[in-house]
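# Remarks on the overall topology
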Amino acid sequence: MQGKIPATVITGFLGAGKTTMIRNLLQNADGRKIALIINEFGDLGVDGEVLKGCGIETCAEEDIVELNNGCICCTVADDFIPTMTKLLERESRPDHIVIETSGLALPQPLVAAFNWPGIKTHVTVDGVVTVVDAAAVAEGRFADDHAKLDAQRRADGALDHESPLEELFEDQIRAADMVVLNKADLIDAARLDSVRGDVAGQTDRPLKIIHATHGRLPAEVLLGLNSATEGQIALRKSHHEMEHENGEDHHHDHDEFESFVASAGAVGDPKRFTEELKQIIATHDVLRLKGFCDVPGKPMRLVVQAVGQRIETYFDRPWANGEQRATRLVVIGLHDIDQAAIEEAIGRAAASAEP
Ligand SMILES: Nc1nc2c(ncn2[C@@H]2O[C@H](COP(=O)(O)OP(=O)(O)OP(=O)(O)O)[C@@H](O)[C@H]2O)c(=O)[nH]1
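For the structure given in this document, a descriptive report is provided here. Bear in mind that the values here come from a model prediction, so they are computed numbers and not experimental data. (Residues numbered from 1 in each chain as written. Predicted model: local features only at pLDDT ≥ 70, side-chain atom pairs only at ≥ 80, totals over all residues. Heavy atoms only, no water.)

## Notes on the pairing of strand β6 (residues 178–182)
Of all five residues that make up β6, five are buried, and the element is covered over most of its length. Taking every second residue as pointing to the same face, both faces of β6 are buried, with Met178, Val180 and Asn182 on one and Val179 and Leu181 on the other. As judged from the five bridges shared by strand β5 (residues 123–133) and β6, these two strands associate in the parallel manner. Looking at the pairing, Asp133 lines up with Asn182 of β6. In the sheet, β6 pairs with strand β7 (residues 208–211) via four bridges, with the strands oriented parallel. Considered in β7, the bridge of Val179 is made with Ile209. Following the backbone out of β6, through helix α9 (residues 189–200) and into the adjacent parallel β7, one traces a crossover that is right-handed. (Buried < 20%, exposed > 50% of the residue type's maximum accessible area, 1.4 Å probe, protein only. Helix = DSSP H or I, 4+ residues; strand = E, 2+ residues; numbered from the N terminus. Pairing = 2+ DSSP bridges. Right-handed = clockwise from strand over helix to strand, strands pointing away.)

## What to know about the packing of aromatic side chains
Taken as a whole, this structure holds three aromatic pairs when the rule is applied. Seen in terms of ring centroids, Phe13 and Phe142 are 5.2 Å apart; in terms of plane orientation they differ by 85°. Their pairing is edge-to-face. Residue Phe13 is found in the loop between β1 (5–11) and α1 (18–27), and its partner Phe142 is found in the loop between α6 (134–138) and α7 (146–155); the two are separated by 129 residues along the sequence. With respect to burial, Phe13 and Phe142 carry one shared label: buried. Relative to Phe169, the ring of Phe142 has its centre 5.0 Å away and its plane inclined at 10°; by these criteria the two rings are stacked. Taken together, the positions of Phe142 in the loop between α6 and α7 and Phe169 in helix α8 (residues 164–174) put the pair 27 residues apart, joining distant regions of the chain. Per residue, the accessibility class of Phe142 equals that of Phe169, and both read buried. Three or more aromatic residues joined by ring pairs form one cluster here, namely Phe13, Phe142 and Phe169. (Phe/Tyr/Trp six-rings, centres within 6.5 Å; stacked < 30°, edge-to-face > 60°.)

## Overview of the site of the ligand
Residues in close proximity to the ligand total 22 residues, the closest being Thr19, Thr20, His214, Lys290 and Glu312. A distance of 3.2 Å is found between an oxygen atom of the ligand and a backbone nitrogen or oxygen belonging to Ala16. Glu100 is positioned such that a nitrogen or oxygen atom in its side chain is 3.3 Å from an oxygen atom of the ligand. In isolation the ligand exposes 660 Å². Once the protein is present, 92% of that is buried. When contributions to the shell around the ligand are tallied by element, the ones reaching two or more residues are α1, β9 (288–293) and β10 (300–307). Ranked by the residues each element gives to the shell around the ligand, the list is headed by α1, at three residues. Its residues assigned to classes, the shell around the ligand shows five nonpolar, nine polar and eight charged. Structurally, the shell around the ligand is a two-domain feature, drawing no fewer than three residues from each of domain 1 (5–245) and domain 2 (257–352). (Near = heavy atom within 4 Å. Polar contact = N/O pair within 3.5 Å; in protein donor to acceptor, adjacent residues only side chain to side chain. Areas by Shrake-Rupley, 256 points an atom, 1.4 Å probe, with all protein chains shown as cover. Nonpolar A, V, L, I, M, F, W, Y, C, P; charged D, E, K, R; others polar. Domains from an automatic or database assignment.)

The structure is reproduced here in structure tokens:
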């Protein structure tokens, strides 16, 4: 009988650099046949599209499975298990499975699913790799404003937990076998060291912490951790699991976050559009924005990627024959984000960005 297939779970908050790291991994797979399962928060399937659009030879479309029915941690039984079962039934067995969770996922339930009878005998979790946006941590993006939270708690007795951002950050690190402090190019060595200290302080376990820029790490570093994490995950409990055990009723369904797709007309001047998007992101506290734009006169589609105030744009591939050219952007924010105002502002920004 063949040995178990190793599976690496790649997790980390929205925009930390998971897809970028996987793209680099596929480019440097050294002949390994890698199957990818991608889960994303938001209806557009941007990550799968970006990976398929990157033209890497080793990354055939049939090797990428997208799960876009919500967060993988909430749809384990309905989505993940059947997908995994199908993957295992395939004639050509992958050498390695890589799973990208959504930026809002708690890795714990997903890793625990590897203990399910039909899965356990065929696959093992090689490791949970948590990608951290080191620049965002250094800017204090995940740190609670404790004074503000205390005031909110006094006003609302039902508010019994930390901010959703800090909680997720901690849970994703607690689940990790290895943490990648990504975006090292954006901060100096002293701040990187301080982020390393913050991350190490999240758990009593000795944690392997490395840093990277654009997730560029050799495949041998990311794969082959041999952790068999499914056997240890019960000891790496998330806030949600601990609150549940304490009898607290804190339902985990990501209702602290909201995502929607904003559609707009063609964008004549991408540079100006990007400047306007920066304003919109700042005004409305948008956590993540990504998607594609139709730029008249250009045969290629324009990818837009925004994490906080940092926006990147590039043309990735020609619009396909029969594919409708369109501007569509996934917007993710906290639950009280003003969808109507943002949709309207993005529409206006596209219209005003005339060539
Ligand atoms: N400067 C810098 N930018 C980076 C680095 N890694 C990723 N990025 C950029 O950060 C943005 C988000 O990267 P992704 O790889 O899409 O992040 P992700 O974690 O997959 O995002 P979600 O799937 O939405 O959670 C993109 O614009 C990347 O080009 C890095 O090391 N340095």
